[in-house]
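# Topology and contacts: notes
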Amino acid sequence: MPGEAATRPDPAPPSDAVLAVRDLKISFRQEGRIIPAVKGVSFHIARGETVALVGESGSGKSVTALSTVRLLGDAALVEGSVQYEGREMIGAPDRLLRDIRGNDISFIFQEPMTSLNPLHTLEKQLAESLALHQGLRGAAARARIVELLSRVGIRDPESRLADYPHQLSGGQRQRVMIAMALANGPDLLIADEPTTALDVTIQAQILELLAELKRAEGLSMLFISHDLGIVRRIADRVCVMKDGEIVEQGPVEAIFADPQHAYTRKLLAAEPKGLAEPVPDGAEVMVETRDLKVWFPIQRGLLRRTVGHVKAVNGATLSVRAGETLGIVGESGSGKTTLALAIMRLIESRGPILYMGQDISGWGGPQLRRLRRDMQIVFQDPFGSLSPRMTVEQIIAEGLGVHGVEKGRDRREQVSAIMAEVGLDPAMMHRYPHEFSGGQRQRIAIARAMILRPKLVVLDEPTSALDMTVQVQIVQLLRGLQQKYGLAFLFISHDLRVVRAMAHQIMVMRAGEVVEHGPAAAIFAAPQDDYTRSLLKAAFPERA
């Protein structure tokens, strides 16, 4: 292709480069085979600079980062050169690597719940690093921990020292991870997808925090992401990875203004575009709620007396027609998923729920079983919602056995037809979920829902765990299915770019309350509530 050769190779690193990677090759031993993962990667990070590694899942970003301090395990075969401040890391003695890990080079990972010990308090986890690297214990360590937590924006840090990770929000857990990474004054911070699992407003806060810490502490940073929008806000230079190779690198302004490689151009174009097709005139109302409430009792004492309520949803009124999408947006804990589960009668609620004109709020037993065929749900994490012990055919066909749909047709024929419709090769129906990519697994989850020909589908963050290019494909698939079958969607998301491409109307929720509700075009053009404006500002910083 024209322009493919102009990939802006890495220039010679400066003499004081914090990290210099040269011709790095990484392979893994797997069942007697050698599987290449990184194929001759070269880049450097200057002092005080942020370099971003971007690319889709499987491109080799995280493997490259982990190799800098030899965290890949015994199955990895590593060749080439990785120099930290002139010291070679490949083949370095374990003692040197122990001194550098967590002291000079620190990591922040994507999901803090898998990095923080659920059995230890925040104080104990932070104190462990301080004792190991600095010899700080007792009151001195406690004072340093309070200082670190305050530095990363944890309010009233003294009161949180005895907390466990599960008692913190996602954003707070990520702030604790940043505090742990900063505990020993590192020179290089490696942030591996540190904002992917966070709400858009929390994501913006974490990015601002990292940028401010970089300025204040003089940090260098290796920032790993699949989201070029985030990279543009935080990086000085960008390295674009594909299939284990850097296909293009250079200053962030140059990469965004004039990308040379076709893959870079593909990533830059990977944003859901267009708007949802208008709802047909006279479309039937599929579901309505009126002042729907979901309150969870707070019980205390030996007799478990109810002393109050958590108002997870406090009065939601909505109406969704056939062929229409209601986008439900808000931060974690706002009540989005709780509202959808109540509408599907999966949790108890108060207030009428009308499905095709019938109040189903009091239904149970056989009535609800029949209703399940018409109401389906697609979850955020397809790998977590698909049984690893079942083949794709068994997973997709499971609902047919439960609901006895189209008994006259061959079950395998029905599975084959729906797999083809969602863009999967029917020949793969005998495989298991782990043999598919994230995007393919989400298509399997969609096929499992669609084989029952539902009328209402709840889509709970269906694209948030996916690469940007795959997000575009899933949005196009969902819009096509909606048009073809007149589906009503409840689309739950914190990604307002995806919501803009999917939704006809938007409901904004905060702490169980509906703070704004109306046509999507009107809310995006002129939001009325301050909270809605803050969400849009965080999602579209270019509009600010």
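Here goes a summary of the coordinates provided.

Thresholds applied
Residues numbered from 1 in each chain as written. Predicted model: local features only at pLDDT ≥ 70, side-chain atom pairs only at ≥ 80, totals over all residues. Heavy atoms only, no water. Helix = DSSP H or I, 4+ residues; strand = E, 2+ residues; numbered from the N terminus. Rg over C-alpha atoms; globule rule 2.2 N^0.38 Å. Expected span 1.5 Å × (residues − 1). Buried < 20%, exposed > 50% of the residue type's maximum accessible area, 1.4 Å probe, protein only. Pairing = 2+ DSSP bridges. Salt bridge = Lys/Arg side-chain N within 4 Å of Asp/Glu carboxyl O. Axes fitted to C-alpha atoms, helices over the stretch in contact; angles between N-to-C directions. Parallel < 35°, antiparallel > 145°, perpendicular 65-115°, else oblique. Left-handed = near helix turned anticlockwise from the far one by under 90°. Contact = heavy atoms within 4.5 Å. Nonpolar A, V, L, I, M, F, W, Y, C, P; charged D, E, K, R; others polar.

Glancing now at the overall build of the chain. Summing up its helical and strand segments, the chain has 20 helices and 20 strands in all. Over its C-alpha atoms the chain spans a radius of gyration of 25 Å, differing by no more than 12% from the 24 Å that the globule rule assigns to 544 residues. Each principal axis of the C-alpha distribution contributes one length, and for the chain these read about 75 × 65 × 50 Å.

Turning our eyes to something else, we now look at helix 4 (residues 122-134). For helix 4, which comprises 13 residues, the first-to-last C-alpha distance of 18 Å matches the rise-based estimate of 18 Å (1.5 Å per residue) to within 8%. Of all the residues in helix 4, the buried ones are Leu122, Gln125, Leu126, Ser129, Leu130 and Ala131. Trailing helix 4 by a residue or two, Gly135 shows a phi angle of about 70°, which is positive.

On to the pairing of strand 8 (residues 220-225), then. Counting buried positions along strand 8 gives 6 out of 6 residues, so the element sits mostly inside the fold. Residue alternation in strand 8 divides its side chains into two sets, Ser220, Leu222 and Ile224 and Met221, Phe223 and Ser225, and both sets are buried. Direction of pairing for strand 7 (residues 188-192) relative to strand 8: parallel, over a ladder of 5 bridges. Paired with Leu189 across the two strands is Met221, which belongs to strand 8.

Our focus in this paragraph is unusual backbone geometry. Even without being a glycine, Arg70 presents a positive backbone phi close to 55°. Backbone geometry places Arg304, a non-glycine residue, at a positive phi of 55°. Note on placement: Arg304 falls in the loop between strand 11 (285-300) and strand 12 (305-321).

To continue, consider the pattern of salt bridges. For the structure on display, the rule yields 20 salt bridges. Through salt bridges that share partners, Arg151, Glu212 and Glu217 make up one connected network.

Once that is clear, we can look at the packing of helix 5 (residues 138-151) against helix 6 (residues 170-182). Between helix 5 and helix 6, the least distance of the axes is 9 Å, while the angle of their chain directions is 125°. By the angle between their axes, helix 5 is oblique relative to helix 6. Taken as a pair, helix 5 and helix 6 cross one another with a handedness that is right-handed. Only Val176, Ala179 and Leu182 of helix 6 make contact with helix 5, whose side of the interface consists of Arg144, Leu148 and Leu149. Taken together, the residues that form the contact of helix 5 with helix 6 break down as 5 nonpolar, no polar and 1 charged.

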